[in-house]
Amino acid sequence: MLIRDEIARDIPAIGRVVTEAMRMLAQASGTEAGIVEKLRAEGALALSLVAEDEGGVIGYLAASPARIGAQPGWGLIGPVAVLPSRHSQGVGTALMTEAIRRLRRTCRGAALVGDPGYYGRFGFRAFPGLGVTGCPPEAVQALPFDGSEPCGELIHHPAFGLDQQE
Ligand SMILES: CC(C)(COP(=O)(O)OP(=O)(O)OC[C@H]1O[C@@H](n2cnc3c(N)ncnc32)[C@H](O)[C@@H]1OP(=O)(O)O)[C@@H](O)C(=O)NCCC(=O)NCCS
């Protein structure tokens, strides 16, 4: 398996992988593939990583610039998606490991909204006062690279379509 940056011909396969993976997720909105397209169109994909094997694109991870409160410099990971037929083979771990490695070079930390049962293994955790309006606080997690204690609303790129109070 290879983790690499997206290239133009991956774009249809990325849409399929994201749509198929998110069907498994009760809390998915069904708009995740569209969010990736909007981020791409706005030049806001800080990372757009595909996992590929001989069968083609089997996994995908996006990251985009985010703020926590007034503080810029956070890399927001999501969506993360692996084809259901390829779950539990380490694809998600490989994507997350590479994303964290790259974000360390450019960001003060990484943040995401997701299941703590999965993302805790990469060092993500909730922080007092860190949140996203309308999301359970335990799902809003960060991995500061500089030891800081993130506090405030995790402000997503407008492509996510959230109604966020700054
Ligand atoms: C979450 C996801 C990306 C993980 O990808 P993956 O390639 O299966 O992950 P890995 O193989 O690296 O890790 C699998 C392990 O994570 C566990 N895991 C997967 N989702 C989990 C969750 N929500 N909570 C707790 N553990 C989880 C699996 O049980 C497995 O455990 P094991 O190592 O003890 O067998 C994938 O399951 C997926 O695409 N799910 C649907 C979309 C989604 O939930 N995206 C994340 C939110 S944006």
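Computed from a predicted model, the values in this text were never measured in an experiment.

Draft legend 1. Highlighting unusual backbone geometry. That bond from Gly78 to Pro79 is cis: its omega, -5 degrees, falls within 30 degrees of zero. Relative to the assigned elements, Pro79 resides in strand E4 (residues 71–82). Residues other than glycine seldom take positive phi values, yet Ser88 does so here, at roughly 60 degrees. Position of Ser88 relative to the elements: it lies in the loop between E4 and helix H3 (91–106).

Draft legend 2. Region of interest: the site of the ligand. Surveying the vicinity of the ligand reveals 18 residues, the closest of which are Val82, Ser88, Gly90, Gly92 and Thr93. Here His87 contributes a side-chain N or O atom positioned 3.4 Å from an oxygen atom of the ligand. Here Ser88 contributes a backbone N or O atom positioned 2.8 Å from an oxygen atom of the ligand. For the ligand, the accessible surface in isolation is 910 Å², of which the surrounding protein chains cover 68%. Elements that contribute at least two residues to the shell around the ligand include exactly helix H1 (11–22), E4, H3 and helix H4 (116–119). Residues that form the shell around the ligand fall into these classes: nine nonpolar, seven polar and two charged.

Draft legend 3. Focus on the pairing of strand E8 (residues 152–155). Looking at chain direction, strand E3 (residues 56–68) and E8 are connected through two bridges and run antiparallel. By the bridge assignment for E8, Ile68 is matched with Leu154.

Draft legend 4. Spatial organisation of the pattern of salt bridges. Following the criterion strictly, the structure yields nine salt bridges and no others. Here Asp10 and Arg4 are joined by a salt bridge, their closest N and O atoms 2.7 Å apart. Here Asp10 matches Arg4 in class, with each residue buried. Salt-bridge contacts for Asp5 lead to Arg102; the nearest nitrogen and oxygen are separated by 2.8 Å. With Asp5 in strand E1 (residues 2–5) and Arg102 in helix H3, the pair connects residues that are 97 residues apart, well separated along the chain. Its relative accessible area of 40% is what places Asp5 among the partly exposed residues.

Draft legend 5. Seen up close, H1. Its 12 residues give H1 an end-to-end C-alpha distance of 17 Å, which sits within 8% of 16 Å, the value for a rise of 1.5 Å per residue. By the burial criterion, the buried members of H1 are Ala13, Ile14, Gly15, Val17, Val18, Ala21 and Met22. On the buried face of H1, the contacting elements are helix H2 (32–41), strand E2 (47–53), E3 and E4.

Draft legend 6. Seen up close, the packing of H1 against H2. Packing of H1 against H2 brings their axes to within 8 Å, and their N-to-C directions diverge by 145 degrees. For the pair formed by H1 and H2, the contact residues are Ile11, Ile14, Gly15, Val18, Thr19 and Met22 on the first element and Glu32, Ala33, Val36 and Arg40 on the second. Each residue belonging to the contact of H1 with H2 can be placed in one class, and the counts come to six nonpolar, two polar and two charged.

Draft legend 7. The UniProt feature "domain: N-acetyltransferase" (unreviewed entry) in the protein chain, seen in detail. The feature "domain: N-acetyltransferase" (unreviewed entry), as annotated in UniProt, sits at residues 1–146 in this numbering. Annotated as residues 1–146, this span is 29% helix and 33% strand, and its ends, taken at the C-alpha atoms, are 31 Å apart.

Draft legend 8. Representation of the nonpolar core in the model. Tyr60, Leu61, Ile77, Met96, Leu103, Phe124 and Leu154 are the most contacted members of the largest nonpolar core, which totals 54 residues. Broken down by element, the residue count for this core peaks at eight residues, all from E3. Residues within four places of Phe124 in sequence aside, it is in contact with Ile77, Met96, Ile100, Ala110, Ala111, Leu112, Tyr119, Gln141, Ala142 and Leu143.

Cut-offs and rules
In this numbering scheme, every chain counts its residues from 1 along its sequence in written order. Under the rules for a predicted model, residues below a pLDDT of 70 receive no local features and side-chain atom pairs below 80 are neither given nor counted, while totals for whole chains, interfaces and linings still include all residues. The side-chain numbers reported here are obtained from all heavy atoms of the structure, hydrogens and water having been left aside. Strands here are runs of E lasting at least two residues and helices are runs of H or I lasting at least four, both read from the DSSP assignment and numbered beginning at the N terminus. To be near a molecule or strand, a residue needs just one of its heavy atoms within 4 Å of it. What qualifies as a polar contact is a pair of N or O atoms within 3.5 Å, subject to a donor-acceptor requirement within protein and to the restriction that residues adjacent in sequence count only when both atoms come from side chains. Under the convention used here, a 1.4 Å probe and the Shrake-Rupley method define accessible areas, while residue burial counts only the protein chains that appear. All amino acids are sorted into three groups, where Ala, Val, Leu, Ile, Met, Phe, Trp, Tyr, Cys and Pro are nonpolar, Asp, Glu, Lys and Arg are charged, and the leftover types, Gly among them, are polar. One requirement defines pairing of two strands: DSSP has to find at least two bridges between them. By salt bridge we mean one thing: a side-chain nitrogen of Lys or Arg within 4 Å of a carboxyl oxygen of Asp or Glu. Categorising residues by exposure relies on relative accessible area from a 1.4 Å probe, with only protein chains included: less than 20% of the type maximum marks a residue as buried, more than 50% marks it as exposed, and the intermediate range marks it as partly exposed. How far a helix is expected to stretch is found by multiplying one less than its residue total by 1.5 Å. Residue contacts are defined here by distance: any two heavy atoms, one from each residue, within 4.5 Å place the two residues in contact. Here, axes are lines fitted to C-alpha atoms. For helices the fit covers the stretch in contact, and angles between N-to-C directions go from 0 to 180 degrees. UniProt positions are given in the numbering used here, feature names are shortened, and annotations may be inferred rather than shown by experiment. To define a nonpolar core, start from buried Ala, Val, Leu, Ile, Met, Phe, Trp, Tyr and Cys residues and group those joined through side-chain atoms within 4.5 Å.

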